[in-house]
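# Survey of secondary and tertiary structure
Each chain, written out:
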Amino acid sequence: MANSSTPQTLTVEGLTAWLHAYAALIAEHEDELTELDAAIGDADHGTNMARGMTSVTALLAKRTFGTLDALAKQVGMALVSSVGGAAGPLYGTFWLRFAQPLAGLTEADAGRVGLALHAGVDGIRQRGRAEPGDKTMLDALLPALDAYDAAVADGAGLADALVAAADRADDGCAATVPLVAHRGRASYLGERSVGHQDPGATSAALLLRAAVR
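Here's a quick rundown of the structure. (Residues numbered from 1 in each chain as written. Predicted model: local features only at pLDDT ≥ 70, side-chain atom pairs only at ≥ 80, totals over all residues. Heavy atoms only, no water.)

### Some words on the overall build of the chain
Which entries qualify depends on this criterion: Each helix corresponds to a stretch of at least 4 residues labelled H or I by DSSP, and each strand to a stretch of at least 2 residues labelled E; elements are numbered beginning at the N terminus. By definition in these notes, contact holds between two residues if any of their heavy atoms fall within 4.5 Å. A residue counts as positive if it is Lys or Arg and as negative if it is Asp or Glu; His and the chain ends are not included. Lys charges are placed at NZ, Arg charges at CZ, Asp charges at CG and Glu charges at CD.
Counting secondary structure elements, the chain contains eight helices and two strands. Helices and strands appear in the chain in the N-to-C order β-α-α-α-α-β-α-α-α-α. Across the chain, contacts joining residues at least 24 apart in sequence account for 67% of those joining residues at least 6 apart. The centroid of the 16 positive side-chain charges in the chain is displaced by 8 Å from the centroid of its 25 negative side-chain charges.

Next comes the structure, spelled out in structure tokens:
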């Protein structure tokens, strides 16, 4: 989330606000995420994500961080240790990789944040061994990256680039409904997974929406 006084950079304060906003969105949508997962998975995505973000907010309450990477790394570790199922390793990997291009920085501009987003999504792609169209969180995140990059290339600052990414993530999430799942528990259903929105893509879209709240 862009800091209100320096809207074109991501600060430690801004990243903290982004994480709090994401925790609030997960709490708001916990039942929806669980219902989506009940249709094609283990019916625990909402519960697992809520547990993970509760762990993150507890971390934020008891610790302060001097750099963006220090915060992102600890968030990643908290999610890996607290979120069940595939979501913990995937979201944990996202934040651990997100941290790498931000090493030692207290703030980052749109270009640097783009590098962090790419690193995080690449980590998810490698960890989950999924591709576009597999009906996973990547179907929200990869289009979002394209939109972010295009906005920055057109001269947009961080705030506008994140809005473009969040909007495209919402579109990508909705576009999972007609897809056949090829990864995760949903892949066991084959054609029966058609007609259901992917819960991981939904929580991923919420992550980017939280960045612009």
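There's more to say after this.
### Quick look at the packing of aromatic side chains
Stated precisely, the cut-off is as follows: Ring pairs are drawn from Phe, Tyr and Trp, using the six-membered ring of Trp, whenever the two centres fall within 6.5 Å, and their geometry is named by plane angle: stacked under 30 degrees, edge-to-face over 60, tilted for the rest.
By the definition in use, this model includes six aromatic pairs. Through a chain of ring-to-ring contacts, three or more aromatic side chains come together here, namely Trp18, Phe94, Trp95 and Phe98.

### Some words on helix 7 (residues 158–174)
Our working rule: How far a helix is expected to stretch is found by multiplying one less than its residue total by 1.5 Å. Only protein chains enter the accessibility calculation, which uses a 1.4 Å probe. A residue is then buried if its area is under 20% of the maximum for its type, exposed if over 50%, and partly exposed in between. Directions from the helix axis toward the C-beta atoms define the arc.
Taking 1.5 Å of rise per residue, the 17 residues of helix 7 would be expected to cover 24 Å, and the 24 Å separating its terminal C-alpha atoms lies within 8% of that figure. Among the residues of helix 7, Leu158, Ala161, Leu162, Ala165, Ala166, Ala169, Gly172 and Cys173 are the ones counted as buried. The arc enclosing the buried residues of helix 7, seen along the axis, measures out at 135°, which places them on a common side. Among the exposed residues of helix 7, those pointing more than 90 degrees away from its buried face are Asp160 and Asp171.

### Some words on a nonpolar patch on the surface
Let me state the cut-off plainly: Note on patches: the residues involved have over 30% relative accessible area and no salt bridge, like charges join within 9 Å, and the nonpolar side chains Val, Leu, Ile, Met, Phe, Trp and Tyr join within 5 Å. Calculation of accessible area relied on Shrake-Rupley with a 1.4 Å probe; when residues are assessed, cover is drawn exclusively from the protein chains displayed. Counted as salt bridges are all cases of a side-chain nitrogen of Lys or Arg within 4 Å of a carboxyl oxygen of Asp or Glu.
Nonpolar side chains collect at one region of the surface, where Met77, Val80 and Leu96 lie side by side and expose about 250 Å² of accessible area between them. Along the chain, the position of valine 80 falls in helix 3 (residues 68–82).

### A short note on the nonpolar core
Our working definition: In these notes, a set of buried Ala, Val, Leu, Ile, Met, Phe, Trp, Tyr and Cys residues joined through side-chain atoms within 4.5 Å is what counts as a nonpolar core.
By size, the foremost hydrophobic cluster in this structure holds 65 residues, and its most contacted members are Trp18, Tyr22, Tyr91, Trp95, Phe98, Leu117 and Tyr148. The set of elements that each furnish at least two residues to this core consists of helix 1 (12–40), helix 2 (45–62), helix 3, helix 4 (87–99), helix 5 (110–128), helix 6 (138–153), helix 7 and helix 8 (199–210).

### Overview of the packing of helix 4 against helix 5
In plain terms, the rule: Only the stretch in contact is used when a helix axis is fitted, and all axes are lines through C-alpha atoms; the angle between N-to-C directions ranges over 0 to 180 degrees. For a crossing to be left-handed, the near helix must be turned anticlockwise from the far one by less than a right angle; the clockwise case is right-handed. Gly is put with the polar residues, along with every residue not named as nonpolar or charged; the nonpolar set is Ala, Val, Leu, Ile, Met, Phe, Trp, Tyr, Cys and Pro, and the charged set is Asp, Glu, Lys and Arg.
Remark: helix 4 packs on helix 5, axes separated minimally by 7 Å, with the N-to-C direction vectors making an angle of 145°. Classified by chirality, the crossing of helix 5 by helix 4 is right-handed. Of helix 5, the residues touching helix 4 (which contributes Pro89, Leu90, Thr93, Phe94, Arg97 and Phe98) are Ala116, Leu117, Ala119, Gly120, Val121, Asp122, Gly123, Ile124, Gln126, Arg127 and Gly128. Taken together, the residues of the contact of helix 4 with helix 5 sort by class into nine nonpolar, five polar and three charged.

### Here's the deal with the pattern of salt bridges
All chains considered together, the criterion is met by four salt bridges. For lysine 73, the salt bridge identified is with aspartate 69, shortest N-O distance 3.9 Å. Linking lysine 73 with aspartate 69, this pair stays in helix 3, spanning four residues, or about one helical turn. Residue classification places lysine 73 among the partly exposed residues on the basis of a relative accessible area of 38%. Assessed through its relative accessible area of 9%, aspartate 69 is described here as buried. Of the charged contacts in the structure, one is a salt bridge between aspartate 170 and arginine 209, with a shortest N-O distance of 2.6 Å. Placement of aspartate 170 in helix 7 and of arginine 209 in helix 8 is noted, with a sequence separation of 39 residues between them. Overall, the relative accessible area of 33% leaves aspartate 170 in the partly exposed class. In this structure, a network of salt bridges that share partners links the residues Asp167, Asp170 and Arg209.

What is shown is where atoms sit, not what they do.
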